[in-house]
Amino acid sequence: MTLAELLPTMRSMVQARLESRVWPTGTTVDAHGDLRVGDLRVAELANRFGTPLQLLDTTDVRRRCRAYRAALPHAEVAYASKAFLCRAMARLVADEGLSLDVCSAGELAVARSVGFPAERILLHGNAKTPEDLKAALALHVGRIVIDSLDEIDQLGALVRDRQRVLVRVAPGVDGQTHASITTGTDDQKFGFPLSTGAAAEAVRRVLAEPSLGLVGLHGHIGSQIRKVASFEEATRRLIGLMARIRDEHGVELPELNIGGGHAVPQLPGDEEFDLAGFANRIEVAVHDECHRHGLRVPRLTIEPGRALVATAGVTVYRVTAVKNTTRRWVAVDGGMSDNPRPALYGAQYAVRLIGRPHTFPTQPATVVGRHCESGDVLAREVPLPHDLRAGDLLAVPCTGAYHHSLASNYNMVGRPPVLAVEGGVARLLVRRETEEDLLRRDVG
Ligand SMILES: Cc1ncc(COP(=O)(O)O)c(C=O)c1O
Ligand SMILES: N[C@H](CCC[C@H](N)C(=O)O)C(=O)O
């Protein structure tokens, strides 16, 4: 055996695979704190591309796309692009044979720029603007998901030929997640409640609009939902409404879209979402309910966002200051402008020192950002080495979904770059936002 052949084996002997569910598959770390993602040294990438840096392990994304398609071979899997979108991501999703859920003319523009098959695009949104609707119609997107009675009139007036639509229903199911990402209950802004008769009324109005072709119902009950039973219950309720539509209008709808929202582990001890159990129980629920009502089985669509990209993302920060006052505050060069989730949803993160060995015991630290808000906290009281100091690198896993897409320019800080890592090769997907970028929009 040559040395080159032996090297991978020798490396794997000293590198421990990070088994934790929050890192991209195959992430390793050695005794020197050398973290490798996509077979690349993260500390080296941080030095080369600067910090904060958002890494996306595209092998991990592909693996998850394939796992979803394999688990639900007869269903349509549409990636909820709000979780993270750029051209490379849209191309990857297209290559993997998934459909795409977009929410604005902007997201549509990204999809269009890479020639994403329009037939496989769904347009969502509770407040679609005329520009959103016109862009979707100009591109001939496959389906538009209607979210208000106003939209029925607005869309009806814009459509030239005929547009296939779904009606978004709030099925009255509480997925037991954070209130700000709960969308299945009656008292929130998305969709038409089932319980009040609003959904049935919306269906009547759509059917009366000759330019709209109603093909199905849609129900997305929220995000970071752990229990399969919540999806099952929503599915059963939506099929119940399909049966009533058949009875009242003589129309059997061919599509049922139950949205996304599958939880991902945020912290190392969190449970993994039971995808196989979900696939099995939803299939059974669909068949049972359809059989009970004498309905033909509709084609199922699901719309995972977070579940496809969250775990593929790792953010790297550099420590700018360590301050011991009431507690140990560790300040980094990013913060709520690249990750507003702790402030918005109380989201929790694991944090790891990388790039150097540490022999000291850990001690609780609160990792804060650089922004002018006391709520700019990335992780509260997490164990970090006792000797942590300015200049150190910290890696935060599970930052692939709703990080770059929720990022802002608060305090005129440019958004971080997104770097794809795959099989030892790094590829810049989105470059760092510069001061020049920020000033370009300021035309006054
Ligand atoms: C209509 C719709 N589908 C799917 C999703 C994806 O949710 P998640 O990323 O939790 O899977 C969302 C959330 O933004 C949504 O609003
Ligand atoms: N729009 C999604 C939730 C997005 C949650 C996301 N913004 C996050 O950071 O968790 C929904 O309606 O369920």
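Remember, predicted model here, so these are calculated numbers, not experimental data.

## Some thoughts on unusual backbone geometry
Backbone torsion omega between T51 and P52 reads -10°, so that peptide bond is classified as cis. Relative to the helices and strands, P52 resides in the loop between helix 2 (42-49) and strand 5 (53-57). Of note in this structure, E381 is not a glycine but carries a positive phi near 50°. Counting through the fold element by element, E381 comes out in strand 19 (residues 377-385). Taking relative accessible area as the criterion, E381 reaches 39% and is therefore assigned partly exposed. You will see that N411, though not glycine, has its phi angle at about 65°, which is positive. If you trace the backbone, N411 turns up in the loop between strand 20 (393-397) and strand 21 (418-422). Overall, the relative accessible area of 35% leaves N411 in the partly exposed class.

## Considering the layout of surface pockets
Taking a probe equal in size to a water molecule and rolling it over the atoms shows the remaining empty space. Quantified by volume, the largest pocket comes out at close to 600 Å³. K82, T183, F190, H220 and Y402 are the residues nearest the centre of the largest pocket, which is lined by 29 residues in total. Taken together, the residues that form the lining of the largest pocket break down as seven nonpolar, 14 polar and eight charged. Its boundaries defined by the atoms lining it, the second largest pocket holds a volume of some 430 Å³. Taken together, 17 residues make up the lining of the second largest pocket; nearest its centre are L85, C86, H404, R415 and V430. Its residues placed into classes, the lining of the second largest pocket shows seven nonpolar, four polar and six charged.

## A closer look at helix 2
For helix 2, every residue scored as buried is listed here: V42, A43, L45 and A46. Axial view of helix 2: buried residues confined to an arc of 160°, hence all on one face. Set apart from the buried face of helix 2 by more than 90 degrees, the exposed residues are N47 and R48. G50 occupies a position one or two residues after helix 2 and carries a positive phi of about 85°.

## Some points on empty space enclosed by the protein
A complete count under the given rule lists three cavities of 30 Å³ or more for this structure. Lining the largest cavity we find Q54, L55, L56, F84, G313, V314, T399, G400, H404 and V418. Breaking the lining of the largest cavity down by element, the ones donating at least two residues are strand 5 and strand 15 (313-324). Here the residues of the lining of the largest cavity sort into five nonpolar, five polar and no charged.

## Notes on the UniProt feature "domain: Orn/DAP/Arg decarboxylase 2 N-terminal" (unreviewed entry) in the protein
Under the UniProt annotation, "domain: Orn/DAP/Arg decarboxylase 2 N-terminal" (unreviewed entry) lies at residues 60-310. Annotated as residues 60-310, this span is 42% helix and 16% strand, and its ends, taken at the C-alpha atoms, are 10 Å apart.

## Description of the site of ligand 1
The environment of ligand 1 is made up of 15 residues, and the closest members are K82, S223, E303, R306 and Y402. In this structure, Y402 approaches ligand 1 through a side-chain N or O atom, which is 2.6 Å from an oxygen atom. For ligand 1, whose free accessible area comes to 400 Å², the fraction covered by protein is 92%. When atom positions are compared with the pocket grids, ligand 1 is found to occupy the largest pocket. Residue classes in the shell around ligand 1 are distributed as three nonpolar, seven polar and five charged.

## Remarks on the UniProt feature "binding site: substrate" (unreviewed entry) in the protein
Summarizing the sequence annotation, UniProt attributes the feature "binding site: substrate" (unreviewed entry) to R306, R341, Y345, E373 and Y402 in the numbering used throughout. In terms of the greatest pairwise C-alpha distance, the residues named above, spread along 97 residues, do not form a single cluster, extending to 26.7 Å across. Restricting the annotated residues just mentioned to those that line the largest pocket leaves R306, R341, Y345 and Y402. With respect to the helices, strands and loops of the structure, R306 is situated in helix 11 (residues 306-309). Among the residues examined, R306 registers a relative accessible area of 5% and is labelled buried. Those residues in contact with R306 that lie beyond four places of it in its chain are A83, I181, S223, Q224, H262, V264, Q266, R341, A401 and Y402. Here the side chain of R306 touches S223 through a polar contact of 2.8 Å, side chain to side chain. Here Y345 lies in helix 12 (residues 341-345). With near-sequence residues (within four places) excluded, Y345 lies in contact with H178, S180 and I181.

What counts as what
Throughout this description, residue numbers start from 1 for each chain and increase along the sequence as written. A letter from A marks each chain and a number from 1 marks each ligand, given out in the order of writing. Local features are withheld for residues below a pLDDT of 70 in this predicted model, meaning they are given only at 70 or higher, and side-chain atom pairs are given and counted only at 80 or more; totals for whole chains, interfaces and linings count all residues. Side-chain calculation: all heavy atoms of the structure are included, whereas hydrogens and water are not. To qualify as a helix, a DSSP run of H or I must reach at least 4 residues; to qualify as a strand, a run of E must reach at least 2; elements of each kind are numbered from the N terminus. Residue burial is assigned from relative accessible area. The probe radius is 1.4 Å, only protein chains are included, and a residue is buried under 20% of its type maximum, exposed over 50%, and partly exposed in between. Of the grid points, spaced at 1 Å and generated over the protein atoms alone, those admitting a 1.4 Å probe that cannot get out make up cavities, while open sets with protein on both sides within 12 Å along at least five of seven lines make up pockets; any residue with an atom within 4 Å of a point is treated as lining. Grid points are joined across faces, edges and corners, and a volume is the space filled by probe spheres set on the points. Residue polarity is assigned by list, with Asp, Glu, Lys and Arg as charged and Ala, Val, Leu, Ile, Met, Phe, Trp, Tyr, Cys and Pro as nonpolar; anything else, Gly included, falls into the polar class. Directions are taken from the helix axis to each C-beta atom, and the arc is the one they span. UniProt positions are given in the numbering used here, feature names are shortened, and annotations may be inferred rather than shown by experiment. Definition of nearness: a residue and a molecule or strand are near each other if at least one heavy atom of the residue lies within 4 Å of the molecule or strand. Throughout this description, a polar contact denotes any pair of N or O atoms lying within 3.5 Å of each other; where both atoms belong to protein, one of them has to be capable of donating a hydrogen while the other can accept it, and for residues adjacent in sequence the pair is counted only when both atoms sit in side chains. The method behind every accessible area is Shrake-Rupley, applied with a 1.4 Å probe, and residues are considered shielded solely by the protein chains displayed. Those molecules having more than half of their atoms within 2 Å of a cavity or pocket grid point set are described as sitting in that cavity or pocket. Residue contacts follow a heavy-atom distance rule, with two residues in contact if any of their heavy atoms lie within 4.5 Å.

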